[in-house]
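As a plain string of letters, each chain reads:
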Amino acid sequence: EMTGYYPSEDLIVSCHRDSAAHAYAEAEGLKYILIGEGTEPIIPESVTWSISDEGVLTIRGNASMKKLDFRYNRNIKSVIIEDGVKDISPFAFNNCSNLTSVLIPESVKKIGDYAFQSSGLESIFIPSSTTEIGNEAIGYNMDSKKSGFIIFGEKGTAAETYAKDNGIKFVVFDEQYKCGDTATWSLNKEGTLTISGTGEMDSSESPDAGAYKGSFV
């Protein structure tokens, strides 16, 4: 297993309150001591990560991802972002071509520009707490929109707005969708697909169960 951290755990900055060094330490997530105000290092909010031998990247912490950048990383197959992480930085998983699933917690408020562009994702669940989604962050390759991409979420959310604005299929949990003359399907937050009704299913309207794998938190 590989691990990484941001900020550095080795460097401690000594600085005066409200100085440029103080601002820098806060911005970069570095430990610091305020001169004349004690000897215990102050630890800013931070985010750390680890990746398993199986390619599962776990990001944890209580802050912004800031400069974490995994673009073009072919070792990442799935991403678990733990509750507390506040955003997904621009280009964070750009061109991670083997990435096929990501779990986004309620704490993530923003997904940056091009965050998942040209990744291996075919679908994604975006929680209702996410209020900002950047330019071509989801559902795009480098030069075009991804065919068949699905965004899962709830009505009246930034996820729905993004999907409509970009012409991407949006699936609402527990909503009934037609899949034949007298048959419907729905999906809940736990990932349970329910098909009900009578008669034959229309293959052109039927859900692709494979598209839902790994989409939920």
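Look up a bit, the structure's there.
Please read all numbers here as calculations on a predicted model, not as lab measurements.

Here we look at the overall build of the chain
What the chain contains, in helices and strands, is 2 helices and 16 strands. Expressed as a percentage of its 217 residues, the buried residues of the chain come to 46%. Of the contacts made within the chain by residues no fewer than 6 positions apart, 31% connect residues no fewer than 24 positions apart. Working note: accessible area of the chain is about 11,200 Å², and carbon and sulfur atoms make up 48% of it.

Some details on the pairing of strand S13 (residues 169-172)
Where strand S12 (residues 150-153) and S13 come together, 4 bridges link them in parallel fashion. Note on S13: the bridge partner recorded for isoleucine 151 is phenylalanine 170. A crossover links S12 with its parallel partner S13, the connecting element being helix H2 (residues 158-166), and its sense is right-handed.

Thoughts on the nonpolar core
By size, the foremost hydrophobic cluster in this structure holds 40 residues, and its most contacted members are Ile88, Phe93, Phe116, Ile138 and Ile151. Counting residues per element, the ones that place at least two in this core are strand S4 (47-51), strand S5 (56-61), strand S6 (78-81), H2 and S13. When sequence neighbours within four positions are dropped, the list of residues in contact with isoleucine 151 reads Ile124, Ile126, Ile138, Ala159, Tyr162, Ala163, Ile168, Lys169, Phe170 and Val171. In terms of nonpolar packing, the next biggest core, distinct from the first, is built from 9 residues, Ile150, Val171, Phe173 and Cys179 among them.

Description of the packing of aromatic side chains
In this structure the tally under the stated criterion is 5 aromatic pairs. On the numbers, 5.4 Å between centres and 90 degrees between planes, the contact of tryptophan 49 with phenylalanine 70 is edge-to-face. Placement of the pair is tryptophan 49 in strand S4 and phenylalanine 70 in the loop between S5 and S6, with a sequence separation of 21 residues. For tryptophan 49, a relative accessible area of 17% corresponds to the buried category. Given the relative accessible area of 7%, phenylalanine 70 is considered buried. Note on phenylalanine 70 and phenylalanine 93: the rings are 5.7 Å apart at their centroids and 5 degrees apart in plane angle, and the pair reads as stacked. Residue phenylalanine 70 is found in the loop between S5 and S6, and its partner phenylalanine 93 is found in the loop between strand S7 (87-88) and strand S8 (101-103); the two are separated by 23 residues along the sequence. Accessibility expressed as a relative area gives 0% for phenylalanine 93, which makes it buried.

What about the pattern of salt bridges?
This model, assessed by the stated rule, comprises 6 salt bridges. Measuring nitrogen to oxygen at the nearest pair gives 2.9 Å for the salt bridge that ties arginine 71 to aspartate 69. For arginine 71, a relative accessible area of 37% translates into the label partly exposed. The exposure class of aspartate 69 is partly exposed, given its relative accessible area of 37%. A salt bridge links lysine 110 to glutamate 132; the shortest N-O distance between them is 3.8 Å. With lysine 110 in strand S9 (residues 110-111) and glutamate 132 in strand S11 (residues 132-133), this pair connects stretches of sequence that are 22 residues apart.

What to know about helix H1 (residues 20-28)
In an α-helix, one full turn covers 3.6 residues, which means residues spaced three or four apart are oriented alike. Listing the buried residues of H1 in full gives His22, Ala25 and Glu28. Looking down the long axis of H1, one finds its buried residues gathered within 145 degrees of arc, a one-sided arrangement. Just downstream of H1, glycine 29 is the residue with a positive phi angle, here 70 degrees.

Thresholds applied
- Residues numbered from 1 in each chain as written.
- Predicted model: local features only at pLDDT ≥ 70, side-chain atom pairs only at ≥ 80, totals over all residues.
- Heavy atoms only, no water.
- Helix = DSSP H or I, 4+ residues; strand = E, 2+ residues; numbered from the N terminus.
- Buried < 20%, exposed > 50% of the residue type's maximum accessible area, 1.4 Å probe, protein only.
- Contact = heavy atoms within 4.5 Å.
- Areas by Shrake-Rupley, 256 points an atom, 1.4 Å probe, with all protein chains shown as cover.
- Pairing = 2+ DSSP bridges.
- Right-handed = clockwise from strand over helix to strand, strands pointing away.
- Core = buried A, V, L, I, M, F, W, Y, C linked by side-chain atoms within 4.5 Å.
- Phe/Tyr/Trp six-rings, centres within 6.5 Å; stacked < 30°, edge-to-face > 60°.
- Salt bridge = Lys/Arg side-chain N within 4 Å of Asp/Glu carboxyl O.
- Arc of directions from axis to C-beta.

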